[in-house]
2 protein chains.
Amino acid sequence: MPASTANPTPGELFPFELVRPDLERVEISIREQVRAFDPAIEPYVAYVCNTSGKRIRPALAILVGGAAGGTTGDHVKLGVLLELIHMATLVHDDIIDGANTRRMVATANAKWGNSLSVLLGDALFSHALTLATDFDSIEICRKVGRAATEVCQGEIIQTQRRFDLTLTKADYFKVIAMKTGALFAAATGLSAKLSGMDADAEDRLHAYGMKLGTAYQIYDDCLDLVGSEEVVGKTLRTDLVKGKLTLPILNLLESASEAQRLKLNKRILAQEPLDLPVLLGIAEYAGAIESAVDTALAMLAECRDDLAPLPDGPHRDALVQITRFLGGLLEKCRR
Amino acid sequence: MPASTANPTPGELFPFELVRPDLERVEISIREQVRAFDPAIEPYVAYVCNTSGKRIRPALAILVGGAAGGTTGDHVKLGVLLELIHMATLVHDDIIDGANTRRMVATANAKWGNSLSVLLGDALFSHALTLATDFDSIEICRKVGRAATEVCQGEIIQTQRRFDLTLTKADYFKVIAMKTGALFAAATGLSAKLSGMDADAEDRLHAYGMKLGTAYQIYDDCLDLVGSEEVVGKTLRTDLVKGKLTLPILNLLESASEAQRLKLNKRILAQEPLDLPVLLGIAEYAGAIESAVDTALAMLAECRDDLAPLPDGPHRDALVQITRFLGGLLEKCRR
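Residues numbered from 1 in each chain as written. Chains lettered and ligands numbered in written order. Predicted model: local features only at pLDDT ≥ 70, side-chain atom pairs only at ≥ 80, totals over all residues.

Student: Provide a residue-level description of the overall build of chain A, including the pertinent values.
Tutor: The number of helices and strands found in chain A is 15 helices and two strands. Over its C-alpha atoms chain A spans a radius of gyration of 20 Å, differing by no more than 12% from the 20 Å that the globule rule assigns to 335 residues. Overall size of chain A, expressed as C-alpha extent along the three principal axes, is 60 × 50 × 35 Å. Taken across its 335 residues, chain A has 52% of its residues classed as buried. Contacts in chain A between residues at least 24 apart in sequence constitute 75% of all its contacts with a sequence separation of at least 6. (Helix = DSSP H or I, 4+ residues; strand = E, 2+ residues; numbered from the N terminus. Rg over C-alpha atoms; globule rule 2.2 N^0.38 Å. Buried ≥ 20, exposed ≤ 12 C-beta atoms within 10 Å, placed from the backbone. Contact = placed C-beta atoms within 7 Å.)

Okay, here's the thing in structure tokens:
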């Protein structure tokens, strides 16, 4: 296992210096949002805001804005509210997963219990959607709201279909487009819109975010199988135990013989932790990962074309670089 | 215990015939909203929509609209989205309370577990806030979003201060204004705004809803202590077990002798179910309920004055009637 098959740091994933001033504005604005809550609630919100996130969504909004003529307060605001929505979903995900730590620190549910965390996620979510009204554009509000609804629905379908061995690859792609693609796509598409780009350009940049988010989720799903816990900094090999059928596993099931498939199905339904040697023994495991990596790499190649509406320059280069870096991480997942 | 100290039915609380056609439009629209969700999620949303609610908030929006020149599709829409926000909070409340039944049917968490129910509440919530963008008024969107955030924050403070014997009456009033008053006030205030009434009128109608919602919550809190489970149709005497200090209990603590207070505090902290004879024996229990009833009645009297901006007519009469009916229910709580 290459030690560098890690959860990427912000500085690795995107050219940090280029976005640093605006990302600092994002952090300042997030701290300001914390103060918008009732004083009784501020400490909870502050904790979540301080302990979560690589700020990928804000960085994407800022890079598109930078490429399309320069960032404004609106790009920062878009980044902030998408990050708040993302944080709200993380708070609820951690309840659902019973996770005690995230990025090495205690989760909200570990600190204050599930009840408070359900409500804390709700308040973050609600505040983020209210913040969207600051744009004075009903269309932006609507698109932010729809993206948030997509995320929630994607998570429901994923939860509903745990341990469902009839899940198809089409179902999987639909779920990850909803749960991860939607917010990435909102970051890049709405950022183009805020920069005054036309509807076609907005669609292309939306498509860039959707494909990048999808590839990112495939990477995350591969990492759960092949990553090193010490390097990634979170518990791995948990997706299958939770009944989450990800692309490598769907590939594996597809390529397995009938006997192998039955054996694998049985282990999945029994919620048995799958150790790698067992998995390797079952079927064409390496091929299953390879194929997932190839799928994600093809998406990354496609999404680079979607940057065509943006003029050349360091910000556009950075949006290409993100796909290359993610591609590099994906390559390291090959076995 | 008078058998009629019940959770009021819609037909009791407001003149049903007057709002029936518009409430039917609300139901039709709620069913349409269900279809806006992904087909995989529709059944869950449909279940929650079909099993919950007296539609008080939509009825209030409709009555104000009816009084202020006649209802339009916008009043119906306002009612629908406030009801969806209310439903989302109920789904999450039931998780927090570990409730298995609500209004005699299984809760979402009882049917599908907590994980799916957390996400289902999120999706309802998000969809409701997105629906607010249909008004094409950023101000309406913003006010709906703020009301929703208030509700979430009120619930957090309530949860955070369970078993907190330093809770003051001011804290209690703040919490119930946020968790219950905010949506009632949004229903009446925003309905006036949708009818084209001026800002002063909107403020008065907002105040009507806030006081009515607050009085309604005080009634609900009294009912938990004095109601009959068979009549009310839900488990009672649970607030104190959960550490929720409501107005009658705060009155009781205030009027108790030091020795009585210590005894009561001890029982609350021990999470011992409080049976009525014990409670009666502890201190001036009857006076504590009486005083809470008086407080709520005073609010109802005040809020009738807030109807002044509305012209005379059956809809305005109905808004008065609601306060009288709720006042009658409160009177029955006296011991």
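There is more to say, and it comes next.
Student: How would you summarise the interface of chain B and chain A if you had to cite specific residues and measurements?
Tutor: Contact residues are listed per partner, giving 35 residues for chain B and 35 residues for chain A. Those elements that provide at least two residues to the side of chain B that touches chain A are helix 5 (73-97), helix 6 (108-131) and helix 7 (138-160) of chain B. Here the side of chain B that touches chain A is composed, by residue class, of 18 nonpolar, 11 polar and six charged. (Nonpolar A, V, L, I, M, F, W, Y, C, P; charged D, E, K, R; others polar.)

Student: If you had to explain helix 15 (residues 314-333) of chain A to someone new, which residues and values would you point to?
Tutor: The end-to-end C-alpha separation of helix 15 of chain A is 29 Å, in line with the 28 Å expected for 20 residues at 1.5 Å each. Within helix 15 of chain A, burial applies to A:His315, A:Arg316, A:Ala318, A:Leu319, A:Ile322, A:Thr323, A:Leu326, A:Leu329, A:Leu330 and A:Cys333. (Expected span 1.5 Å × (residues − 1).)

Student: Now, about the relation of the copies chain B and chain A: what can you tell me, with residues and values included?
Tutor: Rotating chain B by 180 degrees and translating it 0.0 Å along the rotation axis places it on chain A, where the RMSD comes to 0.0 Å. A rotation of that kind, with that shift, is consistent with a two-fold axis. Minimal C-alpha separation from the rotation axis in chain B is found for B:Ile138, amounting to 2.9 Å. Both copies contact each other with a shared surface, as 100% of the interface residues of chain B are interface residues in chain A too. (Least-squares fit on C-alpha atoms with pLDDT ≥ 70 in both.)

Student: For the nonpolar core, give the residues involved together with the corresponding values.
Tutor: Grouped together as the largest cluster of nonpolar side chains are 215 residues, with contacts concentrated most on A:Leu124 and B:Leu124. Apart from residues lying up to four places away in sequence, A:Leu124 is in contact with A:Val45, A:Val48, A:Leu84, A:Met87, A:Ala88 and A:Val91. (Core = buried A, V, L, I, M, F, W, Y, C linked by C-beta atoms within 7 Å.)

Student: Go over helix 3 (residues 42-51) of chain B with me, naming the residues and quoting the values.
Tutor: Residues and elements named next belong to chain B. Residues of helix 3 that are buried include every one of Tyr44, Val45 and Val48, and no others. Considered in projection along helix 3, the buried side chains sweep an arc of 95 degrees and stay on one side of the axis. In this fold, the buried residues of helix 3 make contact with helix 2 (16-36), helix 5 and helix 6. (Arc of directions from axis to C-beta.)

Student: I'd like a rundown of the environment of A:Leu90, residues and numbers included.
Tutor: Residues and elements named next belong to chain A. Tracing the backbone shows Leu90 in helix 5 (residues 73-97). Overall, the presence of 21 C-beta atoms within 10 Å leaves Leu90 in the buried class. In this structure, the C-alpha to C-alpha distance between Leu90 and Gln33, residues 57 residues apart in sequence, is 18 Å.

Student: Please give an account of the confidence of the model for chain A that cites residues and values.
Tutor: Residues and elements named next belong to chain A. Summarising the model, chain A shows a mean pLDDT of 90, and 91% of its residues fall at 70 or more. No element of chain A has a lower mean pLDDT than helix 13 (residues 276-282), at 60, and none a higher one than helix 8 (residues 169-194), at 98. When the criterion is pLDDT under 50, residues 1-5 qualifies, and its contacts beyond four places in sequence or with other chains add up to 14 contacts. The complex prediction reports pTM at 0.92, with the ipTM value standing at 0.91. (pLDDT = per-residue confidence, 0-100.)

Student: Account for the environment of A:Gly287, with residues named and values stated.
Tutor: Along the chain, the position of A:Gly287 falls in helix 14 (residues 285-305). On the basis of neighbour counts, which here come to 14 C-beta atoms within 10 Å, the residue A:Gly287 falls in the partly exposed class.

Student: Run through the packing of helix 6 (residues 108-131) of chain A against helix 5 of chain B, naming residues and quoting values.
Tutor: Running from amino to carboxyl end, helix 6 of chain A crosses helix 5 of chain B at an angle of 160 degrees, the nearest separation of the two axes being 9 Å. With respect to each other, helix 6 of chain A and helix 5 of chain B are oriented roughly antiparallel. The element helix 6 of chain A and its partner helix 5 of chain B pack so that their crossing is right-handed. Across the interface between the two elements, A:Ser115, A:Val118, A:Leu119 and A:Asp122 of helix 6 of chain A pack against B:His92, B:Ile95 and B:Ile96 of helix 5 of chain B. Its residues assigned to classes, the contact of helix 6 of chain A with helix 5 of chain B comprises four nonpolar, two polar and one charged. (Axes fitted to C-alpha atoms, helices over the stretch in contact; angles between N-to-C directions. Parallel < 35°, antiparallel > 145°, perpendicular 65-115°, else oblique. Left-handed = near helix turned anticlockwise from the far one by under 90°.)

Student: Summarise the packing of helix 3 of chain B against helix 6 of chain B; cite the residues concerned and give the values.
Tutor: Residue and element names in this part refer to chain B. Axis separation between helix 3 and helix 6 bottoms out at 11 Å; the angle between their running directions is 95 degrees. The pairing of helix 3 with helix 6 is recorded here as roughly perpendicular in orientation. Counting all contacts with helix 3, which are made through Tyr44, Val45, Tyr47 and Val48, the residues of helix 6 involved are Ala108, Trp112, Leu120 and Leu124. Across the contact of helix 3 with helix 6, the residue classes tally to eight nonpolar, no polar and no charged.

Student: Please set out unusual backbone geometry residue by residue, giving values where relevant.
Tutor: We note that A:Asp136 has phi near 55 degrees; this positive angle belongs to a residue other than glycine. Relative to the assigned elements, A:Asp136 resides in the loop between helix 6 and helix 7 (138-160). What makes A:Asp136 exposed here is the crowd of 11 C-beta atoms within 10 Å. Not every positive phi belongs to a glycine, and B:Met104 is a case in point at roughly 75 degrees. You can see B:Met104 is positioned in the loop between strand 1 (101-102) and strand 2 (105-106). On the basis of neighbour count, B:Met104 is assigned to the exposed category, with 8 C-beta atoms found within 10 Å.

Student: Please provide a residue-by-residue account of the environment of B:Lys169, values included.
Tutor: Among the structural elements, B:Lys169 can be located in helix 8 (residues 169-194). Between the C-alpha atoms of B:Lys169 and B:Asn251, which are 82 residues apart in sequence, the distance is 8.3 Å.

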